[in-house]
Amino acid sequence: MNQTVRNGQTKNAYWILLSIFFAAGVVVIGLAEGWILLGAAITLVVAILGLTALHGQFRKDVLRSLSTASPGVGISAATVVAVAVLLRGADPAVWAVPLLAVGASAGLYVWLHRHGRYVDSAAV
């Protein structure tokens, strides 16, 4: 199932890292304050763009086919982020936000493993 691509990277590793970055974003949104929130958000955006470029998914032909037939993953991600925002500042946020992030990350990985598109970067 894992197709090896340029630099020994695999699409499975790409999906795992995207899921981890999503979990990190949920934790940052739910727990970070002020300048730490801004710095962490900028760092995550740069990391995701770098990961996408490293795996060859940041090309014009790939970006044209970004739409998906199942918008449920986007709605689910938005719901997770909304819950993290609602938990922000509450007492149970310390344990609930990381738990939410782990669950969302696992769910995203499973969805990507089953339905995710990955354009082989060997053609680059």
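Residues numbered from 1 in each chain as written. Predicted model: local features only at pLDDT ≥ 70, side-chain atom pairs only at ≥ 80, totals over all residues. Heavy atoms only, no water.

K.L.:
Would you mind going over the overall build of the protein chain in detail, with residue names and values included?
P.N.:
Along the protein chain, the regular secondary structure elements total 5 helices and 0 strands. Ordered by position from the N terminus, the helices and strands of the protein chain form the series α-α-α-α-α. Relative to its full complement of 124 residues, the protein chain shows a buried share of 29%. Of the contacts made within the protein chain by residues no fewer than 6 positions apart, 79% connect residues no fewer than 24 positions apart. Approximately 7600 Å² of the protein chain is accessible, and the part contributed by carbon and sulfur atoms is 71%. (Helix = DSSP H or I, 4+ residues; strand = E, 2+ residues; numbered from the N terminus. Buried < 20%, exposed > 50% of the residue type's maximum accessible area, 1.4 Å probe, protein only. Contact = heavy atoms within 4.5 Å. Areas by Shrake-Rupley, 256 points an atom, 1.4 Å probe, with all protein chains shown as cover.)

K.L.:
If you had to explain the confidence of the model for the protein chain to someone new, which residues and values would you point to?
P.N.:
Close reading of the predicted structure is inappropriate where its pLDDT is low. Averaged over all residues, the pLDDT of the protein chain is 80; the fraction at 70 or higher stands at 77%. Least confident of the elements in the protein chain is helix α3 (residues 60-64), whose mean pLDDT is 60; most confident is helix α5 (residues 93-115), at 91. (pLDDT = per-residue confidence, 0-100.)

K.L.:
Got a sec to walk through a nonpolar patch on the surface? Specific residues and values, please.
P.N.:
Taken together, Trp35, Leu38, Ile42 and Val46 make up a surface patch of nonpolar side chains, about 490 Å² in accessible area. By the secondary structure assignment, leucine 38 is in helix α2 (residues 34-54). (Patch = residues over 30% accessible without salt bridge, like charges linked within 9 Å, V, L, I, M, F, W, Y side chains within 5 Å. Salt bridge = Lys/Arg side-chain N within 4 Å of Asp/Glu carboxyl O.)

K.L.:
Any details on the nonpolar core? Residues and values, ideally.
P.N.:
Nonpolar side chains in soluble globular proteins tend to be buried together. The biggest cluster of nonpolar side chains holds 21 residues, and the ones touching the most others in it are Tyr14, Trp15, Phe22, Val26, Val80, Leu87 and Val97. Listed by contribution, the elements that provide at least two residues to this core are α1 (11-31), α2, α4 (72-87) and α5. Discounting residues that sit within four places of it in the chain, phenylalanine 22 has contacts with Ala77, Val80, Val81, Ala104 and Leu108. (Core = buried A, V, L, I, M, F, W, Y, C linked by side-chain atoms within 4.5 Å.)

K.L.:
Before we move on, can you summarise the packing of α1 against α2 with the specific residues and values?
P.N.:
In contact at an axis separation of 10 Å, α1 and α2 are set at 170° when each is read in the N-to-C sense. One element, α1, and the other, α2, form an angle in the roughly antiparallel class. The residues of α2 that touch α1, namely those facing Tyr14, Leu17, Leu18, Phe21, Ala24, Gly25, Val28 and Ile29, are Leu37, Ala40, Leu44, Ala47, Ile48, Leu51 and Thr52. Taken together, the residues of the contact of α1 with α2 sort by class into 13 nonpolar, 2 polar and no charged. (Axes fitted to C-alpha atoms, helices over the stretch in contact; angles between N-to-C directions. Parallel < 35°, antiparallel > 145°, perpendicular 65-115°, else oblique. Nonpolar A, V, L, I, M, F, W, Y, C, P; charged D, E, K, R; others polar.)

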